[in-house]
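Working through the structure, step by step
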Amino acid sequence: MTPRLLIIGCGDVGLRVLKLLAGRWRVFALTSSPDRASVLRQAGAVPLVGNLDDAATLARLAGLAELVLHLAPPARDGEADLRTRHLLAALSRRPPAALVYASTTGVYGDCGGALIDETRALNPATDRARRRVDAEAQLRAFGRRHGARVSLLRIPGIYARDREGGHPRERLARGTPVLRREDDVFTNHIHADDLAHACLLALLRGLAQRAVNVCDDSQLLMGDYFDLAADLTGLARPERITRAEASERMSAMQLSFWSESRRLGNARMKRELRLKLRYPTPREGL
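Here the structure is a predicted model, which is why all the values come from computation and not from measurement.

Calculation notes
- Residues numbered from 1 in each chain as written.
- Predicted model: local features only at pLDDT ≥ 70, side-chain atom pairs only at ≥ 80, totals over all residues.
- Heavy atoms only, no water.
- Helix = DSSP H or I, 4+ residues; strand = E, 2+ residues; numbered from the N terminus.
- Rg over C-alpha atoms; globule rule 2.2 N^0.38 Å.
- Buried < 20%, exposed > 50% of the residue type's maximum accessible area, 1.4 Å probe, protein only.
- Contact = heavy atoms within 4.5 Å.
- Areas by Shrake-Rupley, 256 points an atom, 1.4 Å probe, with all protein chains shown as cover.
- Lys, Arg positive; Asp, Glu negative; His and termini not counted.
- Charge placed at Lys NZ, Arg CZ, Asp CG, Glu CD.
- Core = buried A, V, L, I, M, F, W, Y, C linked by side-chain atoms within 4.5 Å.
- Pairing = 2+ DSSP bridges.
- Salt bridge = Lys/Arg side-chain N within 4 Å of Asp/Glu carboxyl O.
- Polar contact = N/O pair within 3.5 Å; in protein donor to acceptor, adjacent residues only side chain to side chain.
- Axes fitted to C-alpha atoms, helices over the stretch in contact; angles between N-to-C directions.

With that settled, the discussion passes to the overall build of the chain. Of the regular secondary structure elements, the chain holds 11 helices and 15 strands. Expected size for 286 residues packed as a compact globule is a radius of gyration near 19 Å; at 19 Å, the chain falls within 12% of this value. In terms of overall dimensions, the chain has C-alpha extents of about 55 × 35 × 35 Å along its principal axes. Here the chain holds 286 residues, and the buried ones make up 51% of them. Residue pairs in contact within the chain that sit at least 24 positions apart in sequence constitute 77% of those at least 6 positions apart. If you sum the accessible surface of the chain, you get close to 13100 Å²; carbon and sulfur atoms cover 49% of it. Averaging the coordinates of the 45 positive side-chain charges in the chain and doing the same for the 33 negative ones gives two points 7 Å apart.

If you want it as structure tokens, here you go:
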């Protein structure tokens, strides 16, 4: 029997999943934009127009597929993820066997550069991260209530040369500075192709109500990441500035990425999903 997969939020990563499947599964893709229907159809999916902000448009999703890949982000405000709530209400009428959710490593908050795994207590510091924590709690409860196998993929910075905004070269070309080494923070990464592969493996192998860090093997300071990208692309390395200077020259959004430092362990990903990284560090991926 051909597996049936429903992708919620079929952007760059979803399209990479479709490419990996190469037509072997029956795939449906929910989009809020009718203009994307032709793109999704060409990629091998059956497009469905619906909006996670409008629960009434999601009724047809019930029982459509035994596998669900939830890649859609929460709305931009509030501490609760109402989009996931609407989705799960629709799916609960005929629950899937397995559901994979693309969460974020931001749920851990600042760890002071410590090496952590999935047992680390959640400590979200922003509303953006709190919405993800709320979504994770909803999904775990859904899995327990309906006997669905839910996998929570905690994902750091996604990069790829062919991903829009997924390569540091634009930032380097603008001359955006980075923090000096003594003020710097650890950052974590995953190549978009490795992430797509992890999504598929989680659908097939993920353990019930289980969180998994999906990250590569690197443990880089943020400035070193941009220095590496500069060296690989032949661009100038970015200026190094103090944290005090950064507060005057960077936006609140930019500063938020310099406010948390952690190193992620990926042993669970390798052991349970059995993912073999194609790009074990950004040096290969960039």
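Core analysis: the biggest nonpolar cluster contains 35 residues, and Leu-5, Ile-7, Val-17, Leu-153 and Val-214 have the highest contact counts within it. Elements with a minimum of two residues in this core: β1 (4–8), α1 (12–21), β2 (26–31), β4 (67–70), β5 (98–104), β7 (149–155), α6 (192–205) and α10 (267–273). In terms of residues, this core owes the most to one element, α6, which gives eight residues. The residues contacting Val-17, other than those within four sequence positions of it, are Leu-5, Ile-7, Leu-69, Ala-196, Cys-199 and Leu-200. Counting residues in each nonpolar core, the second largest holds 25 residues, with Leu-6, Leu-58, Leu-139 and Phe-142 among its members.

As a further point, take the pairing of β7. In terms of residue burial, β7 counts as a mostly covered element, since six of its seven residues are buried. Pairing of β5 with β7, which is carried by seven bridges, proceeds in the parallel orientation. Bridging from a neighbouring strand, Ala-102 pairs with Leu-153 of β7. Direction of pairing for β7 relative to strand β12 (residues 210–213): parallel, over a ladder of four bridges. By the bridge assignment for β12, Leu-153 is matched with Val-212.

Okay, the side chain of Arg-131 next. Residue placement: Arg-131 occurs in helix α4 (residues 127–146). In this structure, Arg-131 is buried with no salt-bridge partner, the nearest side chain bearing the opposite charge being Asp-127 at 5.0 Å. Polar contacts involving the side chain of Arg-131 include one to the main-chain carbonyl oxygen of Ala-75, which spans 2.9 Å. Within the structure, the side chain of Arg-131 is placed 3.4 Å from the backbone oxygen of Arg-76, a separation counted as a polar contact. Dropping the residues within four chain positions of it, Arg-131 is found in contact with Pro-74, Ala-75, Arg-76, Asp-77, Gly-78, Glu-79, Ala-80 and Asp-81.

Moving on, we get to the sheet that holds β2. Overall, parallel pairing links the seven strands, which are arranged β3-β2-β1-β4-β5-β7-β12 in an open sheet. What marks the edges here is a single partner per strand, and that holds for β3 (46–49) and β12. Within the sheet, the average angular offset between the axes of one strand and its neighbour, ignoring direction, is 20 degrees. By the bridge criterion, four bridges tie β4 to β5 in an arrangement that is parallel. If you follow Val-68 over to β5, its bridge partner there is Leu-99. Its contacts with the sheet place α4 against β5, β7 and β12, and it is angled at close to 165 degrees to β5.

Pairing is possible between side chains that carry opposite charge, provided their charged atoms lie close to one another. Overall, the coordinates contain 25 salt bridges when judged by the stated rule. Between Arg-154 and Glu-136 there is a salt bridge, and its shortest N-O distance comes to 2.7 Å. In this pair, Arg-154 sits in strand β7 while Glu-136 sits in helix α4, placing the two residues 18 residues apart along the sequence. Side by side, Arg-154 and Glu-136 carry an identical accessibility label, which is buried. For Arg-169, the salt bridge is made with Glu-170, and the minimal N-O distance between the two is 3.9 Å. You can call Arg-169 partly exposed: its relative accessible area is 27%. Linked through salt bridges whose partners overlap, the residues forming this network are Arg-181, Asp-184, Asp-224, Asp-227, Asp-231, Arg-237 and Arg-240.

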